[in-house]
Structure formats: C-alpha cells, structure tokens
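Structural description and commentary
So you can see what is in the structure, the chains are spelled out below.
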Amino acid sequence: TILIDGECVVCNGLRVFAAYRLAKRGIARFESAQSVASQETTDNETIKRLRQIIAAKLGAEKDLQSILLSKMHALVEMKDEKMTGPLQTSLLVGHEAILELFSLCHFPFPQAAWLTKKLIPSWCARFAYDVFSRNRHNWFGKKKKVSFFIGQPQQIIDHQAQTH
C-alpha cells in the first residue's frame, strides 16, 4: 500500500505513472494520506490496519496527519523466502518508498532504481527528497479538490482517463 498526499500534483502524477505500469500485475494499492490520517473512526478495515501499522512503526498516533503528509510512505508486505508464515510488513518512507515503487515497475525502471541506490549516497537522496517534500506545494501547486479514487490500478487508470 502506498500512501500519497492527495493534494500534491506531483504525487498524483507519480500515482498515475505507477498505476499504469503496475496495472497488469495488480501489486500496488494507493491510498490518500489525508483519508488515512483524518479518519479517526472508520469501518474501512484497510484504513484501520494502515493507521495501526504506521502508528506502531512511527510511534506517532496523535500527530499522524502531519507525519503522513510530510513524506510519501509505502507499506511493503512480503512472505518470507520460503513463502510460508505470516506476511512481514516493512514501512518505507520518502526516497526509499519512491525507489521501491520504481523497482516494482517494468523495464527500465527497476534498473534505474537499482542504479540510483548504488550511485547516490542515501544521505544525499534523503536530503534531496526532504527539500522536494518541503517545497512541492510551492513549486508545483496543490489540487484544489482532493478527489482520490481508491481502487485497483486499472480502475485508477480508467478513472483518470474519464476525468481528464
């Protein structure tokens, strides 16, 4: 599950870009950080679970909204190497989340993500992402209306095509 800022123009562009490339594989689910952070009480089991995992990993239930909106977050769930046992959940934040998203896409994006990890020191990538993250609304603007379609990648692509 990938959480993005629903108001961020660049984040939504990245969502559509990734959804298009992952549609056939059906491996990425996108959620608006606003919807996860703002729903204190919800019947949506996915959002409840996301809130619990993020609060447990970041230790920040009371200020969840500002944390979620400050950076991109990706929850990666995988089975162990033998494909047995429960899912293992890891939380990737910022540039790590973006590189993981690119590594899930088809050629040449996984290779570009791998090359980026090898050539650019982590501290440098983290710094560049933090500068972008703090300034993205000033540089690229905000969507006036947060309309975030939650669904499978192909549904997101179809919805985007209908609304533009």
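So, here's what we can say about the structure. Small disclaimer: the values here were computed from a predicted structure and weren't measured.

Definitions and cut-offs
Residues numbered from 1 in each chain as written. Predicted model: local features only at pLDDT ≥ 70, side-chain atom pairs only at ≥ 80, totals over all residues. Heavy atoms only, no water. Phe/Tyr/Trp six-rings, centres within 6.5 Å; stacked < 30°, edge-to-face > 60°. Helix = DSSP H or I, 4+ residues; strand = E, 2+ residues; numbered from the N terminus. Buried < 20%, exposed > 50% of the residue type's maximum accessible area, 1.4 Å probe, protein only. Core = buried A, V, L, I, M, F, W, Y, C linked by side-chain atoms within 4.5 Å. Contact = heavy atoms within 4.5 Å. Axes fitted to C-alpha atoms, helices over the stretch in contact; angles between N-to-C directions. Parallel < 35°, antiparallel > 145°, perpendicular 65-115°, else oblique. Left-handed = near helix turned anticlockwise from the far one by under 90°. Nonpolar A, V, L, I, M, F, W, Y, C, P; charged D, E, K, R; others polar. Salt bridge = Lys/Arg side-chain N within 4 Å of Asp/Glu carboxyl O.

**Re the packing of aromatic side chains**
Across all of its chains, the model carries six aromatic pairs by this definition. Between the aromatic rings of Phe17 and Phe109, the centroid separation amounts to 5.1 Å while the plane-to-plane angle is 90°, which identifies the pairing as edge-to-face. One end of the pair, Phe17, is in helix α1 (residues 9–22); the other, Phe109, is in helix α6 (residues 109–119), with 92 residues separating them in the sequence. Residue class for Phe109 comes out buried when judged on its relative accessible area of 17%. Geometrically, the ring pair formed by Phe102 and Phe109 is tilted, given 6.0 Å between the ring centres and 50° between the ring planes. Of the aromatic side chains, those joined through ring pairs into one cluster are Tyr129, Phe132, Trp139 and Phe140.

**Looking at the environment of Ile4**
Topologically, Ile4 is positioned in strand β1 (residues 2–4). It is 7.9 Å that separates the C-alpha atoms of Ile4 and Arg15, two residues lying 11 residues apart in sequence.

**Quick look at the nonpolar core**
Of all hydrophobic cores here, the largest spans 19 residues; its most connected members are Ile2, Leu22, Phe30, Met72 and Leu101. Residue contributions to this core peak at five residues, all from α1. In this structure Met72 touches Ile2, Leu3, Ile4, Leu14, Leu92, Val93, Gly94, Ala97, Ile98, Leu101 and Tyr129, once residues within four positions along its chain are discounted. Ranked by size, the runner-up nonpolar core spans eight residues in total, among them Leu3, Val36, Ile54 and Leu91.

**Looking at the packing of α1 against helix α5 (residues 95–104)**
Following both chains from N to C, one finds α1 and α5 inclined at 30°, their axes separated by 9 Å at the closest point. Here α1 lies roughly parallel to α5, going by the angle between them. Note on packing geometry: the crossing formed by α1 with α5 is left-handed. Contacts between α1 and α5 involve Leu14, Phe17, Ala18 and Leu22 on the former and, on the latter, Ile98, Leu101, Phe102 and Leu104. Class assignment for the residues of the contact of α1 with α5 results in eight nonpolar, no polar and no charged.

**Description of the pattern of salt bridges**
Opposite charge on two side chains makes pairing possible when the charged atoms of those side chains draw close. The final tally for this structure, using the stated rule, is two salt bridges. For Arg136, the salt bridge goes to Asp5, with nearest N and O atoms at 2.9 Å. One end of the pair, Arg136, is in helix α7 (residues 122–140); the other, Asp5, is in the loop between β1 and α1, with 131 residues separating them in the sequence. With relative accessibility at 5%, the residue Asp5 sits in the buried group. For Lys142, the salt bridge identified is with Glu7, shortest N-O distance 3.2 Å. Of this pair, Lys142 sits in the loop between α7 and α8 (153–163) while Glu7 sits in the loop between β1 and α1; the two residues are 135 residues apart in sequence, bridging distant segments of the chain.

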